[in-house]
There are 2 protein chains.
Amino acid sequence: MENHDMKQSKWMWCPGDFELYHGMLVHNRRTQGGVSCPAAGSGPDGDLSLLGPVFYPPMWRVDSPHRNLFLYKVVNLEKPETVTLYANTEHASILADGVRYPAGVAVTLKPGRQMVKVFAYKDGGFPAVYCVGDSFASDETWSYGSFGGADLPAGTNDMYTALSDNPEVFKFSYERISPVTSEKLNGGTLYDFGCERFGKLIFENVTPGDAAFLVVCGESREEALDPKDAIVLVRAQARNGSFVSTSVAFRYIFVPDFGGTYAFSADFEYLPLEDRGAFRCDDDLVNKIWEVSSYTLHLNAREGFFDGIKRDRWVWGGDAYQSFFVNYYLMNDNDIVRRTLRILRGAEPMTMHVNTIPDYTFYWIMSIWEYYYHTGDVSFVRSVYPQMRTTMAFIRGRLDEDGLYVKHPGDWVFVDWSKFDADSGPLCAEQMLLCRAYECMANCAGLLENSEEEAEYRAAAAALCTIVNDRYWDEEKGGFVDDYRTENRNITRHANIFALLYHLTSEERQAKIITHVIKNKEIRPITTPYFEFFELDAMCQIGDFGYMTDMLHSYWGGMIRLGATTIWEEYFPNREGAEHYAMYGRPYGKSLCHAWGASPIYLLGKYALGVRPTSPAYATFEVRPNLMCFGSFSGKVPTPNGTVEVSVSKKDVTVRADVDGGTLVIGERSYPIEKGKTLTVPYGGTGAQA
Amino acid sequence: MENHDMKQSKWMWCPGDFELYHGMLVHNRRTQGGVSCPAAGSGPDGDLSLLGPVFYPPMWRVDSPHRNLFLYKVVNLEKPETVTLYANTEHASILADGVRYPAGVAVTLKPGRQMVKVFAYKDGGFPAVYCVGDSFASDETWSYGSFGGADLPAGTNDMYTALSDNPEVFKFSYERISPVTSEKLNGGTLYDFGCERFGKLIFENVTPGDAAFLVVCGESREEALDPKDAIVLVRAQARNGSFVSTSVAFRYIFVPDFGGTYAFSADFEYLPLEDRGAFRCDDDLVNKIWEVSSYTLHLNAREGFFDGIKRDRWVWGGDAYQSFFVNYYLMNDNDIVRRTLRILRGAEPMTMHVNTIPDYTFYWIMSIWEYYYHTGDVSFVRSVYPQMRTTMAFIRGRLDEDGLYVKHPGDWVFVDWSKFDADSGPLCAEQMLLCRAYECMANCAGLLENSEEEAEYRAAAAALCTIVNDRYWDEEKGGFVDDYRTENRNITRHANIFALLYHLTSEERQAKIITHVIKNKEIRPITTPYFEFFELDAMCQIGDFGYMTDMLHSYWGGMIRLGATTIWEEYFPNREGAEHYAMYGRPYGKSLCHAWGASPIYLLGKYALGVRPTSPAYATFEVRPNLMCFGSFSGKVPTPNGTVEVSVSKKDVTVRADVDGGTLVIGERSYPIEKGKTLTVPYGGTGAQA
């Protein structure tokens with residue numbers, strides 16, 4: 001008898017719906033502590049019963065998945081086979097040979113050309129189906145029937161392959177954790193979990209069994225002890241002596257006494273992403289910075305890359321853009337990048353920029369090319385290209401007559417928390433990003449062998465680049481000015497950093513920018529860790545590693561010395577105590593676990609270990625290590641098909657890669673890196689293949 | 001003390017969401033009886049346990065409401081006031097004076113400019129909010145924040161004004177009804193409710209209390225007695241001795257014995273729309289036709305106008321187009337027209353024609369202008385105009401280089417269940433409808449004082465009309481041919497009927513069409529009641545009333561004589577017995593309660609009573625009665641602001657209108673109709689105002 005194993009099936013849905021659904025949940029989960037029941041005009045005056053979490057959605061459109069699903073597949077069967085539909089909804093059917101069957105029925109298909117269609121509808125959650133069969137086992141070889149749009153491969157996710165899986169529940173891992181210390185004070189108990197955490201608060205053996213009580217979360221001790229101003233409050237309502245909260249960020253938890261008792265612990269909720277990158281040096285502070293940066297990104301690596309886990313817990317295009325780069329040097333997980341990109345873009349039609357921010361829309365386009373460049377995943381580019389096209393149509397439908405981006409009502413021209421001549425005309429930094437977005441769009445079109453669109457976007461990039469160089473360049477000042485329409489001639493670092501990073505001007509002008517802008521202390525410094533990412537990247541690119549390692553020690557090191565267990569949203573060395581926690585006009589408004597602080601991982605991997613792709617998908621790559629201020633270090637960098645290990649001391653450099661295509665570059669000398677062999681060369685001199 | 005009544009609030013939602021939601025439910029409710037659990041390849045062989053209803057969704061995209069809602073209102077307050085938010089979801093907040101409050105909190109607003117924002121999120125159903133207040137009482141003076149689209153008035157519906165109302169539940173009326181007769185046969189019991197019904201089947205006192213049994217619905221006795229081929233099956237599953245089904249269409253119900261007992265009745269579900277039009281004549285058959293037509297439309301007048309209540313229970317653009325006209329002469333309910341139009345159009349972006357049918361998209365545009373013409377409701381035109389514009393962009397993005405509609409993949413070029421040279425080139429009838437759609441679009445643009453777009457569409461109509469007259473007119477044959485690219489010179493009635501109805505050609509050519517096409521028995525006759533609507537309208541328009549009344553007696557009368565209690569989808573006089581019920585390859589596939597059969601109400605109102613608007617919103621109207629084949633008749637026609645009553649005998653005509661603007665026209669003579677006064681004139685001669 002033939003041993004016939006059934007093919008592995010996957011849950012299927014409308015492409016993008018998994019991400020739209022979980023993105024929708026994510027973006028509707030934010031709450032803010034506040035006064036729930038103010039006596040007319042007056043505050044709560046210490047009455048905790050008046051405090052509670054208030055729903056706080058984003059200021060952009062949150063899109064949701066389809067409620068109707070239609071998928072089909074055509075196969076020429078050589079022999080009869082059966083297919084059985086399963087669905088997460090009672091409203092589902094399968095149509096084969098002109099007959100419609102409900103789920104759960106084994107449908108026998110005759111040999112010959114068979115087109116099988118499945119339909120499902122679900123209100124709440126999203127419809128998903130699963131077919132057990134052979135040729136018709138459900139996976140991305142099925143097509144999504146889009147009703148007039150382009151039919152695309154069915155949406156699937158490798159996390160959801162078992163019939164018992166539920167794609168409406170995101171597959172986090174959980175670990176039960178307990179407070180490290182507890183302390184009676186202020187009429188309650190303060191618990192400290194020892195470091196930043198995210199998860200569900202668990203109250204068991206609660207007496208009375210139906211007790212209702214307030215729980216105050218704090219990233220800092222001060223926040224947890226200040227119910228009126230804490231950002232995250234939980235209103236516990238025990239049932240049968242038990243209460244489990246939704247997932248929240250905390251290190252400290254304060255439970256005001258409510259006259260009852262309970263046992264308290266938490267379920268730490270996380271995504272078990274393996275670290276494929278590493279860095280360890282002889283500078284303990286930098287090692288600590290690397291570890292804390294890694295933990296910070298891990299905590300924010302969830303349905304997508306979050307900005308921060310306490311607040312906003314949202315997915316922002318600029319923050320995500322940076323997390324992607326860190327990811328390529330840390331977990332190198334492709335799926336979280338894809339999920340994040342789909343969440344950011346949302347559904348058609350596009351009526352507003354990503355997060356309302358034009359620069360974030362440009363990053364979105366750029367991110368896709370850079371994702372391909374780092375991973376080689378062309379199928380994602382193909383599946384998302386229709387949305388890249390409508391995004392470009394949206395962008396280009398709002399340019400001025402010269403093709404420059406100009407602010408429209410509802411646009412938030414962000415670039416950075418910095419002051420620009422924002423309302424004086426088209427801002428230079430935006431045009432720089434648009435140039436780069438055109439280039440990335442052209443690259444993606446070329447990748448998909450769409451030479452017509454590649455040429456179109458290449459031309460758009462060239463035309464815009466010319467205009468930008470003509471109008472914004474100030475030869476006297478040696479840099480690009482923010483705005484060409486006014487006489488302000490105001491220079492900020494941002495546009496000039498982009499010009500360097502994305503090679504948007506001549507080498508001669510790049511040299512001038514380095515001298516007259518980047519290294520010019522009279523140009524207002526970058527103050528946010530967000531834009532510091534770009535500046536440090538540019539500084540390293542021009543070989544000024546000292547600036548980067550100084551910032552590591554002072555800025556990141558400053559937070560570590562204050563006891564930070566994760567990297568903060570912002571840090572001012574001159575502040576003291578709880579002053580550090582204030583932001584956005586609230587005493588604890590600042591996020592103490594912000595993904596954009598994790599950039600040291602990217603910077604050390606790319607510039608200290610020196611590993612970076614020199615062609616898409618790491619087909620070729622270079623290892624150009626630099627000791628910087630360190631005595632020695634070692635580490636590794638993941639690539640799509642393997643890992644590159646690098647050790648550097650003042651004496652020599654050792655490299656080992658389990659992939660082809662690498663070149664070790666030391667100064668003027670280059671050494672081919674043979675796959676699987678250890679290559680050691682003098683840090684200053686010649687090498688020997690072992 | 002001041003007696004201060006709170007302003008009446010209404011539930012609010014994203015404009016269109018109420019209709020999208022109920023349209024989504026409607027379009028996902030269709031099931032079809034079938035074999036649920038076939039033994040591999042074989043039929044059920046009488047095993048009822050294998051039969052069940054199978055989910056059967058439409059072949060077009062079904063859109064769903066938003067899950068996030070953002071509404072706002074700005075008021076300059078002269079004195080303080082409070083506003084309290086309520087929502088149908090726990091995820092809701094209200095933002096005023098920079099502070100965010102949950103639902104249920106009375107928020108006090110200070111005098112001065114106040115912008116109040118409300119946010120809500122709901123997964124499943126749709127988010128709806130209700131504000132109790134004065135200036136901020138919720139209603140359509142609030143704005144919907146569309147995030148980049150045009151901000152529109154908040155969605156509301158006058159059915160949902162009480163805080164206890166639930167807009168997720170459609171407000172039907174219910175009446176408990178019982179079978180008229182019951183009969184034991186075929187191993188079960190057959191119940192007859194005496195006429196076509198729609199509603200929930202109610203089984204009470206069921207023993208055993210958890211009995212599971214099959215229920216077979218039939219519009220005909222034969223269908224109910226044929227479980228294997230009946231269209232509508234219900235799988236009853238009693239709980240505690242009780243089972244209530246979802247709403248289904250039936251006259252006959254067959255319950256196979258399952259070894260238990262039960263009490264059986266039904267809840268007749270209907271919309272209590274008042275008849276504002278009437279017609280009664282000395283011909284009892286025609287009176288019966290009018291009543292049965294009225295009942296047929298009433299049964300199909302639900303969330304929107306359905307095609308039929310057994311199958312498909314969907315909203316189709318062509319069927320709805322005709323129901324609108326009948327509605328203007330029967331219930332004159334504006335809201336059902338608006339709901340139907342919103343359901344038909346769905347959400348952005350438009351990627352397929354309405355129901356996949358280009359003619360239905362053209363009717364959709366036409367319907368909006370005709371709705372305004374009959375009702376004067378300009379605010380609806382304003383609220384839907386952005387979607388008219390994107391619809392036009394969709395249409396025009398797919399025309400050929402001459403501006404003619406050509407079939408695209410996925411388009412269903414319907415026009416009628418008739419054979420055209422469909423694949424030979426652009427079909428004439430489609431161009432005729434597109435011409436009319438352009439005209440209606442221009443009219444709506446003009447109404448909204450958008451003179452630029454009015455001119456644009458007026459020009460498009462003129463250009464297309466010229467091309468159609470140049471290319472499709474066959475002078476020798478005296479009519480428009482289906483296709484100009486082939487040499488077929490095939491003439492069908494459809495395009496020529498449209499040319500007459502919408503005045504798309506010269507009077508000289510219109511006269512030729514009447515002679516050489518309409519009255520030419522060699523041109524294949526119309527065979528569907530659907531297109532009979534257009535033909536009879538055109539025939540009456542040219543004064544050939546005999547054709548219409550002959551059809552009434554033979555076609556509609558034929559069904560009545562067979563005992564029809566509602567008008568059928570199709571009728572062939574030469575068929576016998578259960579042959580009448582077959583359609584679409586199924587023995588009971590035909591709908592016996594189909595809205596498009598109700599056209600006699602429109603035709604008799606418009607051409608016998610002779611009442612019709614001569615300018616938008618009945619500002620002026622004429623009464624041009626015609627006795628046709630009748631000895632006498634009387635009736636009434638609703639207008640936006642009143643009713644026009646007409647009685648005609650061979651001797652005289654009596655008219656009474658409670659609105660201004662009317663003119664009675666008898667042959668060559670005209671008489672102004674004075675509001676509120678009865679005017680009687682000889683049917684052939686002079687009149688006297690009473």
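Keep in mind the model is a prediction, meaning the values are calculated, not measured.

### What about the overall build of chain A?
Part 1 of the reasoning: Counting secondary structure elements, chain A contains 14 helices and 30 strands.
Part 2 of the reasoning: A globule of 690 residues ought to have a C-alpha radius of gyration of about 26 Å, and chain A, at 27 Å, matches this closely.
Part 3 of the reasoning: Within chain A, the fraction of its 690 residues that count as buried is 50%.
Part 4 of the reasoning: In chain A, the proportion of contacts linking residues at least 24 apart, taken out of those at least 6 apart, comes to 69%.

### Observations regarding the nonpolar core
Part 1 of the reasoning: Membership of the largest hydrophobic core comes to 170 residues, with the highest contact counts inside it found for Cys217, Ile253, Ile368, Met432, Tyr438 and Met441 of chain A.
Part 2 of the reasoning: If one sorts the elements of this core by residue count, helix H8 (residues 428–447) of chain A sits on top with 13 residues.
Part 3 of the reasoning: The contact partners of Cys217 of chain A, leaving out residues within four places of it in the chain, are Ala224, Ala230, Val232, Val234, Val248, Ala249, Phe250 and Ile253 of chain A.
Part 4 of the reasoning: Core analysis: the next-biggest nonpolar cluster, separate from the first, contains 169 residues, Ala320, Ile336, Ala495 and Val517 of chain B among them.

### Observations regarding the packing of helix H10 (residues 493–501) of chain B against helix H12 (residues 529–541) of chain B
All names here are of chain B.
Part 1 of the reasoning: Contact geometry of H10 with H12 gives a least axis separation of 9 Å together with a crossing angle of 45°. It follows that H10 is oblique to H12 by the angle criterion. As H10 runs across H12, the sense of the crossing is left-handed. Between H10 and H12, the contacting residues are Arg493, His494, Ile497, Leu500 and Leu501 on the first element and Phe531, Phe534, Glu535, Asp537, Ala538 and Gln541 on the second.
Part 2 of the reasoning: In the contact of H10 with H12, the residues fall into six nonpolar, two polar and three charged.

### Some details on the relation of the copies chain A and chain B
Part 1 of the reasoning: At an RMSD of 0.0 Å, chain A and chain B line up after a rotation of 180° and a shift of 0.0 Å along the axis. Both chain copies can therefore be described as sitting about a two-fold axis. Nearest to the rotation axis, the C-alpha of Gly124 of chain A is located 1.8 Å from it, this being the minimum over chain A.
Part 2 of the reasoning: Of all interface residues in chain A, 98% are interface residues in chain B too; the two copies therefore contact each other through one and the same surface.

### Quick word on H10 of chain B
Think of an α-helix as turning once every 3.6 residues; residues three or four places apart then point the same way.
All names here are of chain B.
Part 1 of the reasoning: Counted residue by residue, H10 has eight buried out of nine residues, so it is predominantly covered.
Part 2 of the reasoning: For H10, the full list of buried residues reads Arg493, His494, Ala495, Asn496, Ile497, Phe498, Ala499 and Leu500.
Part 3 of the reasoning: In this fold, the buried residues of H10 make contact with helix H8 (428–447), strand S21 (479–480), helix H11 (507–518) and H12.
Part 4 of the reasoning: Directly beyond the C-terminal end of H10, a positive phi value near 55° is found at His503.

### Remarks on the interface of chain A and chain B
Part 1 of the reasoning: At the interface, 41 residues of chain A touch 40 residues of chain B.
Part 2 of the reasoning: Breaking the side of chain A that touches chain B down by element, the ones donating at least two residues are strand S1 (31–35), strand S2 (51–55), strand S5 (91–96), strand S6 (99–102) and strand S8 (112–121) of chain A.
Part 3 of the reasoning: Taken together, the residues that form the side of chain A that touches chain B break down as 18 nonpolar, 18 polar and five charged.

### Side note on the packing of H8 of chain A against helix H10 (residues 493–501) of chain A
Residues and elements named next belong to chain A.
Part 1 of the reasoning: In the contact formed by H8 and H10, the axes pass within 8 Å of each other and the chain directions differ by 20°. When the interaxial angle is binned, H8 and H10 end up roughly parallel. The handedness of the crossing between H8 and H10 comes out as left-handed. The segment H8 lies against H10, with Cys428, Ala429, Met432 and Leu433 engaging His494, Ala495, Phe498 and Ala499.
Part 2 of the reasoning: Taken together, the residues of the contact of H8 with H10 sort by class into seven nonpolar, one polar and no charged.

### Quick notes on the environment of Asn300 of chain B
Residue and element names in this part refer to chain B.
Part 1 of the reasoning: By the element assignment, Asn300 lies in helix H3 (residues 284–300).
Part 2 of the reasoning: Judged by local crowding, Asn300 falls into the buried class, with 31 C-beta atoms found within 10 Å.
Part 3 of the reasoning: Residues Asn300 and Arg342 lie 42 residues apart in sequence; the distance between their C-alpha atoms is 17 Å.
Part 4 of the reasoning: Discounting chain neighbours no more than four positions away, the residues touching Asn300 are Phe305, Phe306, Gly308, Ile309, Ser323, Cys593 and Ala595.

### With respect to the domain arrangement of chain A
The extent of an interface is frequently quoted as the accessible surface area lost upon association of the parts.
Part 1 of the reasoning: Each assigned domain of chain A is listed with its residue range as follows: domain 1 (65–153), domain 2 (172–270), domain 3 (358–413 + 419–523) and domain 4 (610–689).
Part 2 of the reasoning: Inter-centroid distance (C-alpha atoms) of domain 1 of chain A to domain 4 of chain A is 49 Å.

### Considering unusual backbone geometry
Part 1 of the reasoning: Residues Arg311 of chain A and Asp312 of chain A are joined by a peptide bond in cis, for which omega reads 10°.
Part 2 of the reasoning: Following the sequence through the fold, Asp312 of chain A ends up in the loop between helix H3 (284–300) and helix H4 (317–329).
Part 3 of the reasoning: Of note, the amide linkage connecting Thr207 of chain B to Pro208 of chain B takes the cis form, showing an omega dihedral of -10°.
Part 4 of the reasoning: Mapping Pro208 of chain B onto the fold places it in the loop between strand S14 (188–207) and strand S15 (212–218).
Part 5 of the reasoning: Unusually for a residue other than glycine, Asn240 of chain A sits at a positive phi of about 50°.
Part 6 of the reasoning: In this structure, Asn240 of chain A sits in the loop between strand S16 (232–237) and strand S17 (243–256).
Part 7 of the reasoning: Assessed through the 8 C-beta atoms surrounding it within 10 Å, Asn240 of chain A is described here as exposed.
Part 8 of the reasoning: In this structure, Tyr584 of chain B takes a positive phi of about 55° despite not being glycine.
Part 9 of the reasoning: For Tyr584 of chain B, the position within the fold is in the loop between helix H13 (545–561) and helix H14 (599–608).

### Points about the confidence of the model for chain A
All names here are of chain A.
Part 1 of the reasoning: Of all residues in chain A, 96% have pLDDT values of 70 or greater, and the mean over the chain is 94.
Part 2 of the reasoning: Under a pLDDT of 50 for its full length, residues 685–690 has, in the predicted model, 13 contacts with residues more than four places off or in other chains.
Part 3 of the reasoning: The complex prediction reports pTM at 0.94, with the ipTM value standing at 0.94.

### Section: the sheet that holds strand S9 (residues 129–132) of chain B
Residues and elements named next belong to chain B.
Part 1 of the reasoning: Across the sheet, which stays open at both edges, the three strands sit in the order S7-S4-S9 with antiparallel pairing between neighbours. For this open sheet the edge positions go to strand S7 (106–109) and S9, each flanked by a neighbour on one side alone. Sheet twist, expressed as the mean angle between neighbouring strand axes with direction ignored, is 30°.
Part 2 of the reasoning: Sheet topology note: the strand S4 (residues 81–87)/S9 ladder contains four bridges and is antiparallel. Bridging across to S9, Leu85 finds its partner in Cys131.

### Digging into the sheet that holds strand S10 (residues 143–144) of chain B
Residue and element names in this part refer to chain B.
Part 1 of the reasoning: Read from one edge to the other, the open sheet built from six strands follows the order S6-S5-S8-S3-S10-S11, with strand pairing classed as antiparallel. Every interior strand has two partners, whereas the edge strands, strand S6 (99–102) and strand S11 (152–153), have only one.
Part 2 of the reasoning: Bridge analysis of strand S3 (residues 68–77) against S10 gives two bridges, and the strand direction is antiparallel. Within S10, the position partnered with Leu71 by the bridge is Tyr144.

### Overview of the environment of Val481 of chain A
Residue and element names in this part refer to chain A.
Part 1 of the reasoning: Residue placement: Val481 occurs in the loop between strand S21 (479–480) and H10.
Part 2 of the reasoning: We classify Val481 as buried; it has 21 C-beta atoms within 10 Å.
Part 3 of the reasoning: With 335 residues separating them in the primary sequence, Val481 and Ser146 have C-alpha atoms 46 Å apart.
Part 4 of the reasoning: If we skip the residues at most four places from it in the chain, Val481 touches Cys428, Tyr472, Asp474, Arg489, Asn490 and Ile491.

### Considerations on the pairing of strand S4 (residues 81–87) of chain A
Part 1 of the reasoning: Sheet topology places S4 of chain A next to strand S7 (residues 106–109) of chain A; four bridges connect them, and they run antiparallel. Bridge pairing links Thr82 of chain A to Thr108 of chain A in S7 of chain A.

### Topic: the environment of Phe362 of chain A
Residue and element names in this part refer to chain A.
Part 1 of the reasoning: The residue Phe362 is located in helix H6 (residues 358–375) in this model.
Part 2 of the reasoning: Put simply, Phe362 and Ala437 are 75 residues apart on the chain and 5.4 Å apart in space, counted from C-alpha to C-alpha.
Part 3 of the reasoning: What Phe362 contacts, discounting residues up to four positions off in sequence, is Leu433, Leu434, Arg436 and Ala437.

Cut-offs and rules
- Residues numbered from 1 in each chain as written.
- Chains lettered and ligands numbered in written order.
- Predicted model: local features only at pLDDT ≥ 70, side-chain atom pairs only at ≥ 80, totals over all residues.
- Helix = DSSP H or I, 4+ residues; strand = E, 2+ residues; numbered from the N terminus.
- Rg over C-alpha atoms; globule rule 2.2 N^0.38 Å.
- Buried ≥ 20, exposed ≤ 12 C-beta atoms within 10 Å, placed from the backbone.
- Contact = placed C-beta atoms within 7 Å.
- Core = buried A, V, L, I, M, F, W, Y, C linked by C-beta atoms within 7 Å.
- Axes fitted to C-alpha atoms, helices over the stretch in contact; angles between N-to-C directions.
- Parallel < 35°, antiparallel > 145°, perpendicular 65-115°, else oblique.
- Left-handed = near helix turned anticlockwise from the far one by under 90°.
- Nonpolar A, V, L, I, M, F, W, Y, C, P; charged D, E, K, R; others polar.
- Least-squares fit on C-alpha atoms with pLDDT ≥ 70 in both.
- Domains from an automatic or database assignment.
- pLDDT = per-residue confidence, 0-100.
- Pairing = 2+ DSSP bridges.

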